[in-house]
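# What the coordinates show
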Amino acid sequence: KAIYKTHMKMDLKLGGSEGRTMRDEEKEKMNAMMMKQFQKTFVLTFDQTSSIYKEDKSLKAPVVAPSNGMNIMVMGDGGGNDVLYKNTKDDRFVNKTEIMGKLFLIKDRITKYDWVLTSETKNIGVYTCYKATYTRQEERTHMNVENGEVTEKKEKVDVVTIAWYTPAIPVSNGPSNYSGLPGLILEVKEGNRTMICSEIVLNPEEKILIEEPKKGKKVSQAEYTK
């Protein structure tokens, strides 16, 4: 099994009411609390061809205290109860997720990443890792309000994903939906989000079962997104 820590960099542009702006120290405190809220721990249990990836629920998410008169509530991805099963041999995944009190079972093909392999290396723990990158285009919408008129501007931007994998663990798998490299992925960075492996236990003493989720309304990824 592999333990991953995830975090997101925050850069909030915050102002106060009635023309009052937040002081720099208030903004720094708010950013720090928001970053803490996004810090999570996930566990990937895997064998040669299959895996289960889910949040470590034994660790409670920190509560963000009110600051400057505001209550902060962060909406997570899947409510922290998602169970992602991947089968790299059959090229498929099953994701059990809940939204608005409804349980879904997303069944689809594993995402194919057009990884570009490089010879650049770095050490993560005791493992020598190689760098791979993947670039995709994403359409983003920018909203602007001027003189009471709302306008929107759409633009296409390149989003680069950087992954570090180790051939020392010859498993074509990794955290979340990432896979497809000649070794276990130990770190992924995409935009302001980073996932990094903090611990690996090979051949653990306790028996670990990798079971495919069965409960939930069966939908494809496209149907669920819609």
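Structure report, in brief. On a predicted model such as this, the values are computed, not experimentally measured, just so you know.

Scoring rules and cut-offs
- Residues numbered from 1 in each chain as written.
- Predicted model: local features only at pLDDT ≥ 70, side-chain atom pairs only at ≥ 80, totals over all residues.
- Heavy atoms only, no water.
- Helix = DSSP H or I, 4+ residues; strand = E, 2+ residues; numbered from the N terminus.
- Buried < 20%, exposed > 50% of the residue type's maximum accessible area, 1.4 Å probe, protein only.
- Contact = heavy atoms within 4.5 Å.
- Areas by Shrake-Rupley, 256 points an atom, 1.4 Å probe, with all protein chains shown as cover.
- Core = buried A, V, L, I, M, F, W, Y, C linked by side-chain atoms within 4.5 Å.
- Phe/Tyr/Trp six-rings, centres within 6.5 Å; stacked < 30°, edge-to-face > 60°.
- Patch = residues over 30% accessible without salt bridge, like charges linked within 9 Å, V, L, I, M, F, W, Y side chains within 5 Å.
- Salt bridge = Lys/Arg side-chain N within 4 Å of Asp/Glu carboxyl O.

This part takes up the overall build of the protein chain. Along the backbone of the protein chain there are two helices and 12 strands. Listing every helix and strand of the protein chain by position from the N terminus yields β-α-β-β-β-β-β-β-β-β-β-β-β-α. Relative to its 226 residues, the protein chain shows a buried fraction of 35%. Within the protein chain, counting contacts between residues at least 6 apart in sequence, those at least 24 apart form 57% of the total. Carbon and sulfur atoms make up 49% of the accessible area of the protein chain, which totals about 14,600 Å².

Ala2, Tyr4, Trp115, Leu184, Leu186 and Ile200 are the most contacted members of the largest nonpolar core, which has 33 residues in total. Those elements that place two or more of their residues in this core are β1 (2-8), β2 (40-46), β6 (102-109), β8 (127-146), β9 (149-166), β10 (184-190) and β11 (193-200). Ignoring any residue separated from it by four or fewer positions in sequence, one finds Ala2 in contact with Phe42, Val43, Leu44, Phe46, Leu184, Cys197, Glu199 and Ile200. Counting five residues, the second-largest nonpolar core is a separate cluster that includes Val83, Tyr85, Val94 and Leu105.

Let us look at the packing of aromatic side chains. The final tally for this structure, using the stated rule, is eight aromatic pairs. Relative to Tyr53, the ring of Phe42 lies with its centre 5.1 Å away and its plane at 10°, an arrangement referred to as stacked. Here Phe42, found in strand β2, pairs with Tyr53, found in strand β3 (residues 50-55); they are 11 residues apart in sequence, far enough to count as distant. Like Tyr53, Phe42 is buried. Considering the side-chain rings of Tyr130 and Tyr165, the 6.1 Å spacing of their centres and the 35° angle between planes classify their relative orientation as tilted. Residue Tyr130 is located in strand β8, and its partner Tyr165 is located in strand β9; the two are separated by 35 residues in the primary sequence. A connected cluster of aromatic rings, assembled from ring pairs, spans Tyr113, Trp115, Tyr134 and Tyr178.

Let us look at the environment of Leu44. Within the fold, Leu44 resides in strand β2. Among residues more than four places away in sequence, those in contact with Leu44 are Lys1, Ala2, Tyr4, Ser51, Ile52, Tyr53, Gly174 and Leu184.

For the rest of this paragraph, the subject is unusual backbone geometry. Backbone geometry at Ser176 places phi at a positive 50°, although glycine is not the residue there. One can find Ser176 in the loop between β9 and β10. Owing to a relative accessible area of 14%, Ser176 belongs among the buried residues under this scheme.

A surface patch of nonpolar side chains, amounting to about 320 Å² of accessible area, comprises Met143, Val145 and Val150. Along the chain, Met143 turns up in strand β8. The exposed category is assigned to Met143, whose relative accessible area is 54%.

Let's shift gears to the environment of Tyr134. Along the chain, the position of Tyr134 falls in strand β8. Tyr134 gets classed as buried once you look at its relative accessible area, which sits at 13%.

This brings us to the pattern of salt bridges. Inspection of the entire model under this criterion finds 10 salt bridges. With a shortest N-O distance of 3.8 Å, Arg92 and Asp90 are connected by a salt bridge. The exposure class of Asp90 is partly exposed, given its relative accessible area of 37%. Overlapping salt bridges bring together Arg136, Glu138, Arg140 and Glu190 as one network.

By themselves, these figures tell us nothing about what the structure is for.
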